[in-house]
Amino acid sequence: MSRKISLGAAIGLIAIAIAVTVSVTLTVSSEMYNSLLSYLPEKIQTYSQLEEISNIVKANYYGSIDEANLESAIGNGYINGLNDKYSVFMTADEYAEYDSEIQGKMKGIGIKYSKSGNKIKIDRVYEGSPAQVSGLSKGDYIVAFDGEAITKDNYNEMVSKLEGDKLSTVNLTYRSGDTEKTVSVAKGYEARSVTTHSDGVIGYISISDFYSTTPSQVKEAVDKFVSQGATGLILDLRNNSSTNFDAAIKVLDIFVPVAEGTDAVVTVIDSDGNTISSYASNADAVNLPVMVLVNENTLGGAELIACDLRNFGKAEIIGTKTAGAGVMQEIFKLSDGSAIRLSVGEIIPYRGESYNGVGVAPNYEVEQQNATDDILSDNVYQYAVSVLNKSNEEG
């Protein structure tokens, strides 16, 4: 049965509600005001010092002042002051290049190189790159551009010809053994971060970086090996130092099932221990034994994959202890097109402890004896194959 209240009582209740609302608002506002007041002197001091420096420089500096360069230097200086090597300031141009790279869109012809006298030595040719398509190989030497030989005096100018966006080409002469060839090489390409190999029984997947295209490449490789009847997989994350956390999470999701109970595949916490984000996985999973290869240059999302696969009981880890970079970065774009990549939280893996600052220790500690691009002669790979073969024999 409904009950009626008097007009006076209703007005009284409304007055009480208003009073409570005003009181709460004033309390929150007071806390915010006090917080701002405590921070204000520090902020005023910082900007006063900057203004003082600016006035002295503008009044006394002998030379021209590039305002845009100064603004970039201020941004760099502020972020560098955090003393965090994973947090960086990027100019508008640097951010545009970074954004293209995490999508797998690369500048240049697709080689890693070093100086060798007056020649450019090719140390690596990236898979699917224009350099590979044009026939260049590791160990070749670039000796000329557009018919002009590389010399000590023009070396830096010549090297710059290797860079550039799509829709441009460079004519270069390279020496392979005793043979010299001149080719026209396109600039700009879609990078592949995943390479594979199979011995007919065990599938090998190497992830050199995490781009937005990496998860689909990994899924394609896994499905291929499963359909071919592979009895085990080797996932090589050595020297993977990518900060693209979202792509790493998507790769992890390919291998692991739904986390049990309320556990997340990964949780990110702030400096006060509060959860700022968490990630779930779907029901699909890889039902094959996996060996994960890591080393001291495995960091960030790659470390998370290794750690979570082991915590899910999906893999064992082979190699040396990882870098211990267990902090997630987030991109904040600024109004002028520049951006900050900032460490925002600590990564907590599935049912495990943070590896930040300590690294992920392998189940089998095996140091690489000789750095080689030939996976079949890689002693760490060979060790992983022997462990998988032994597991299959016992299983």
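This text gives an overview of the structure that appears in the document. All residue numbers refer to position in the chain's written sequence, counted from 1. pLDDT decides what is reported in this predicted model: residues at 70 or higher carry local features, side-chain atom pairs at 80 or more are listed and counted, and totals for whole chains, interfaces and linings draw on all residues regardless. Note: side-chain values were computed over all heavy atoms of the structure, leaving out hydrogens and water.

Describing the pairing of strand β5 (residues 141-145)
Here is step 1: Summary of the burial criterion: residues with accessible area below 20% of their type's maximum are buried, those above 50% are exposed, and those between are partly exposed, where the area comes from a 1.4 Å probe applied to protein chains only. Put simply, DSSP marks the helices as runs of H or I at least four residues long and the strands as runs of E at least two long, and each gets a number from the N terminus on. For β5, the buried fraction is high: four of the five residues fall into the buried class.
Here is step 2: A pair of strands is considered paired only if DSSP assigns at least 2 bridges between the two. In the sheet, strand β4 (residues 119-125) pairs with β5 via two bridges, with the strands oriented antiparallel. Pairing of K121 across the sheet is with Y141, part of β5.
Here is step 3: Note: β5 against strand β7 (residues 169-176), four bridges, orientation antiparallel. Its bridge partner lying in β7, Y141 is registered against R175.

Concerning empty space enclosed by the protein
Here is step 1: A pocket here means an open set of points on a 1 Å grid, computed over the protein atoms alone, that has protein on both sides within 12 Å along at least five of seven lines. A cavity is instead a set of points where a 1.4 Å probe fits but cannot get out; residues with an atom within 4 Å of a point line either one. Grid points are joined across faces, edges and corners, and a volume is the space filled by probe spheres set on the points. Tallied over the full model, the rule gives one cavity of 30 Å³ or more.
Here is step 2: In this structure, the largest cavity occupies an estimated 90 Å³ of space.
Here is step 3: In terms of lining residues, the largest cavity is bounded by 13 residues, among which T243, G300, G301, V327 and Q329 are the most central.
Here is step 4: With three residues, strand β17 (residues 327-333) is the largest single contributor of residues to the lining of the largest cavity.
Here is step 5: Split into classes, the residues belonging to the lining of the largest cavity amount to seven nonpolar, six polar and no charged. Three classes are used: nonpolar for Ala, Val, Leu, Ile, Met, Phe, Trp, Tyr, Cys and Pro, charged for Asp, Glu, Lys and Arg, and polar for all others, with Gly counted as polar.

Quick look at unusual backbone geometry
Here is step 1: Of note, N83 is a non-glycine position whose phi angle comes to about 60°, a positive value.
Here is step 2: On the secondary structure map, N83 appears in the loop between α2 (67-80) and β1 (88-90).
Here is step 3: The exposed category is assigned to N83, whose relative accessible area is 74%.
Here is step 4: If you check the backbone angles, D146 has positive phi at about 50° while not being a glycine.
Here is step 5: Structurally, D146 is set in the loop between β5 and β6 (148-149).
Here is step 6: Judged by relative accessible area, D146 falls into the exposed class, the value being 53%.

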